[in-house]
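Chains, contacts and geometry: an overview
Read off the chains here:
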Amino acid sequence: MLPETLRVAADPEDDRFSRLRLIPWWDQEKIRATNVLVVGAGALGNEILKNLALLGFLKIVVVDLDHIELSNLSRSILFRPSDIGRSKADAVASAYCDILPEATVRPLLANIMRDCGLGLFAWADIILGGLDNREARLWINRAAWKTNRPWVDGAIEGINGVARVFLPAQPPCYECTLGETDWAILDKRMSCNLLLHDPNPQGRVPTTPTISSIIAGIEVQEAIKTLHGLPTLAGKGYVFEGLHHTSYVTQYTENPDCLSHYVLDQIVPLPQTSAEITLHALFRRACDDLGTTEVTLDFSRDIIQRLVCPTCGAEEECFVPVGAISFAHGRCPVDGHMRVVHTLSGFHGQPELAARTLDRLGLPLFDIFTARSIDMEISYLIAGDAPAVLGPLATPAEVAA
């Protein structure tokens, strides 16, 4: 039972959200029903989540890989000194429910690019980013496009920042905004043989709590407008310049060759878990649905299947997403030579893979597999994984694509 001070007042005109309902177009029930995915629980993520809680959003998944450090306390309203060393996702989930006890917040200590299936994006009605790197933004952008979901991005540095909205299947998208410098930075993260260079220090961007508050506030306000069908910063960026306040809105331009512009045509939820389906079984299902045996089953991301030393021939089976193995690990432990990376992007009947269950591919749970024939495609959401990923948020209605 809610504390007395949090219960809805007897007078419906004077409940917790009564001031919000005075806005003519405001729909509090829509807000209560919305599934929100927040990626990043640092300075921006804290402010995003604080605002979502104050507005009454009840169903939240928050993804972050990091743990709280002392320096986070100067910029993150939801962290306390006693939280140092705790995962950011867990800490913000607890703090969110302190503000809004009715809410259900699912914290995921995870890398959004490698550990989160596309089903998480399909579950969300809207995605908000509180990130500090281009690589993760690019992945979110492509995942949001595939699952036809809107997302709101924010970036901050010093006392400056930018907020922007990317609507589903409506270019320009985030990838369209990337220039030569952005791509050069992205290329530095991955070696030519798909092994990850030592990551640059994360979380070291100079920021203040004031700019976090401003940009996160705009992000959440744009999310509210998006959910209510109001005009937004779609395909645009609001650039906040904090020193002289020469702020402005910039219009982005569509890149007709952008690789992000792809929406999955049909997503079919399957009730089984990843541990209950083999590649062969899913392949046969796809052949039946598409009416042909000329089918390729594409993964949501490329997988490193094995590392092979070209000198001594030693092999190491891996089955992890590309980007999960460091450049240093790529050297052969026997003779020190750099090993050759063998990758998989899908399944087309390889006998050695047929009996492997989906949870043994190195792909995350609650993922989507896309089957293609010459003239048709169909995608399968492994919805049986939803309870393991979404926890108490995994109701039948919410896992349906």
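First things first, this report covers the structure right here in the doc. (Residues numbered from 1 in each chain as written. Predicted model: local features only at pLDDT ≥ 70, side-chain atom pairs only at ≥ 80, totals over all residues. Heavy atoms only, no water.)

A short note on the packing of aromatic side chains
Counted only if it meets this: In summary, the pairing rule links any two rings of Phe, Tyr or Trp, Trp by its six-membered ring, whose centres are within 6.5 Å, and it sorts them by plane angle into stacked for under 30 degrees, edge-to-face for over 60 and tilted for everything else. The rule is simple: take the accessible area with a 1.4 Å probe, protein chains only, and divide by the maximum for that residue type; under 20% is buried, over 50% is exposed, in between is partly exposed. Strands here mean DSSP runs of E at least two residues long; helices mean DSSP runs of H or I at least four residues long; both are numbered from the N terminus.
Inspection of the entire model under this criterion finds 6 aromatic pairs. Seen in terms of ring centroids, Trp-25 and Trp-26 are 5.6 Å apart; in terms of plane orientation they differ by 35 degrees. Their pairing is tilted. Since its relative accessible area comes to 38%, Trp-25 is described here as partly exposed. For Trp-26, a relative accessible area of 13% corresponds to the buried category. A centroid spacing of 5.4 Å and a plane angle of 35 degrees characterise the contact between Trp-151 and Phe-166, whose relative ring orientation is tilted. Of this pair, Trp-151 sits in strand 5 (residues 151-157) while Phe-166 sits in strand 6 (residues 160-166), and the two are 15 residues apart along the sequence.

What to know about the packing of helix 6 (residues 134-146) against helix 7 (residues 180-188)
As a reminder, the rule being used: Whenever a helix is involved, its axis is fitted only over the stretch in contact; in every case the axis is a line through C-alpha atoms, and angles between N-to-C directions fall within 0 to 180 degrees. Small angles under 35 degrees read as roughly parallel and large ones over 145 as roughly antiparallel, with 65 to 115 read as roughly perpendicular and the rest as oblique. Here, two residues are considered to be in contact whenever any of their heavy atoms come within 4.5 Å of each other. Charged residues are taken to be Asp, Glu, Lys and Arg, nonpolar residues to be Ala, Val, Leu, Ile, Met, Phe, Trp, Tyr, Cys and Pro, and polar residues to be all remaining types, Gly included.
In the contact formed by helix 6 and helix 7, the axes pass within 9 Å of each other and the chain directions differ by 100 degrees. Judged on the interaxial angle alone, helix 7 and helix 6 are roughly perpendicular. Between helix 6 and helix 7, the contacting residues are Arg-134, Glu-135, Leu-138 and Arg-142 on the first element and Asp-182, Trp-183, Ile-185 and Leu-186 on the second. Across the contact of helix 6 with helix 7, the residue classes tally to 4 nonpolar, no polar and 4 charged.

A look at the packing of helix 3 (residues 43-55) against helix 8 (residues 209-227)
For clarity, the threshold we go by: For any helix crossing, the convention is left-handed if the near helix is rotated counterclockwise from the far helix by under a right angle, and right-handed if that rotation is clockwise.
In the contact formed by helix 3 and helix 8, the axes pass within 8 Å of each other and the chain directions differ by 45 degrees. Looking at the two axes, helix 3 sits oblique to helix 8. Helix 8 is crossed by helix 3, and the crossing has right-handed handedness. Counted together, Ala-43, Leu-44, Glu-47, Ile-48, Asn-51, Leu-52 and Leu-55 of helix 3 and Ser-212, Ser-213, Ile-215, Ala-216, Gly-217, Glu-219, Val-220 and Ile-224 of helix 8 form the full contact between these two elements. Within the contact of helix 3 with helix 8, the residues separate by chemical class into 9 nonpolar, 4 polar and 2 charged.

A few points about the nonpolar core
Our working rule: To qualify as a nonpolar core, a set must consist of buried Ala, Val, Leu, Ile, Met, Phe, Trp, Tyr and Cys residues joined through side-chain atoms within 4.5 Å.
Leu-49, Leu-52, Phe-57, Ile-60, Tyr-96 and Leu-128 are the most contacted members of the largest nonpolar core, which totals 46 residues. Put simply, the parts of the chain that give this core at least two residues each are strand 1 (35-39), helix 3, strand 2 (59-64), helix 4 (88-99), strand 4 (126-129), strand 5, strand 6 and helix 8. In terms of residue count, the dominant contributor to this core is helix 8 (8 residues). Counting 37 residues, the second-largest nonpolar core is a separate cluster that includes Met-113, Leu-120, Ile-127 and Leu-390.

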